[in-house]
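Each chain, written out:
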Amino acid sequence: MINIEYWLIFSSLLFAIGAYGVLTRKNAIVVLMCIEIMLNAANVNLVAFSSYYTTLHPGLGADASGQVFALFSIAIAAAEVAVGLAILLEVYRRYQTIDVDKINILRW
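Because the structure is a prediction, the values reported are computed rather than measured.

A. Quick look at the overall build of the protein. Counting its regular elements, the protein contains three helices and zero strands. When the helices and strands of the protein are placed in sequence order, the string is α-α-α. The 108 residues of the protein split such that 22% are buried. Contacts in the protein between residues at least 24 apart in sequence constitute 55% of all its contacts with a sequence separation of at least 6. Accessible surface, the protein: about 7,900 Å² in total, of which carbon and sulfur atoms supply 70%.

B. Structural view of helix α3 (residues 65–95). Spanning 31 residues, α3 covers 44 Å between terminal C-alpha atoms, matching the ideal 45 Å at 1.5 Å per step. Considered for burial, the residues of α3 that qualify are Gly66, Ala70, Ser73, Ala77, Gly84, Leu88 and Val91.

C. Representation of the packing of aromatic side chains in the model. Under the criterion given, the structure shown has one aromatic pair. With a centroid separation of 6.4 Å and an interplanar angle of 75°, the aromatic rings of Trp7 and Phe10 are classed as edge-to-face. Of this pair, Trp7 and Phe10 are both found in helix α1 (residues 4–24), three residues apart, which corresponds to roughly one turn of the helix. Residue classification places Phe10 among the partly exposed residues on the basis of a relative accessible area of 39%.

D. A look at the layout of surface pockets. Estimates place the volume of the second largest pocket at around 180 Å³. Broken down by secondary-structure element, the contributors of at least two residues to the lining of the second largest pocket are α1 and α2 (28–56). With six residues, the single largest contributor to the lining of the second largest pocket is α2. Here the residues of the lining of the second largest pocket are counted per class, giving eight nonpolar, three polar and no charged.

E. How the structure looks around the side chain of Ser11. Residue placement: Ser11 occurs in helix α1. For Ser11, a relative accessible area of 3% gives the class buried. Aside from chain neighbours lying at most four places away, what touches Ser11 is Ala41, Val44 and Asn45.

F. Region of interest: the pattern of salt bridges. Under the counting rule described, the total for this entry stands at two salt bridges. Two residues, Lys26 and Asp101, come together in a salt bridge whose shortest N-O distance is 3.5 Å. Taken together, the residues span a long stretch of sequence, with Lys26 in the loop between α1 and α2 and Asp101 in the segment after α3 at a distance of 75 residues. With a relative accessible area of 47%, Lys26 lands in the partly exposed category. The closest approach of N and O atoms between Arg93 and Glu90, which form a salt bridge, is 3.9 Å. Here Arg93 pairs with Glu90, and both are found in helix α3, just three residues apart, close to one helical turn.

Rules of the game
- Residues numbered from 1 in each chain as written.
- Predicted model: local features only at pLDDT ≥ 70, side-chain atom pairs only at ≥ 80, totals over all residues.
- Heavy atoms only, no water.
- Helix = DSSP H or I, 4+ residues; strand = E, 2+ residues; numbered from the N terminus.
- Buried < 20%, exposed > 50% of the residue type's maximum accessible area, 1.4 Å probe, protein only.
- Contact = heavy atoms within 4.5 Å.
- Areas by Shrake-Rupley, 256 points an atom, 1.4 Å probe, with all protein chains shown as cover.
- Expected span 1.5 Å × (residues − 1).
- Phe/Tyr/Trp six-rings, centres within 6.5 Å; stacked < 30°, edge-to-face > 60°.
- 1 Å grid on protein atoms, 1.4 Å probe; cavity = no way out; pocket = protein on both sides within 12 Å on 5 of 7 lines; lining within 4 Å.
- Points joined across faces, edges and corners; volume = space filled by probe spheres on them.
- Nonpolar A, V, L, I, M, F, W, Y, C, P; charged D, E, K, R; others polar.
- Salt bridge = Lys/Arg side-chain N within 4 Å of Asp/Glu carboxyl O.

Everything listed here is a matter of geometry and, on its own, says nothing about what the molecule does.
Here it is as structure tokens:
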């Protein structure tokens, strides 16, 4: 069994890669993909802590609450991507660009 420290390091690296992509990229589709990477890092944490809790307290039985929360998070992320892509398609139709720096239509 892999120690929880390795899962936490992996998750923090995933989150850092996603945060770097969100802060440095200009393409809106790449920004959405980096947000998904950050959500997957949170899902890895949920599953890792759920597994850790189960191995820490074996007499209480299997606790799948982390996996259930991760499943709900995946479903919400899929809905978020669908709405985000729909917004990006409409912005592209209207302004012929998806560059985040050039799109300022949501400002005052």
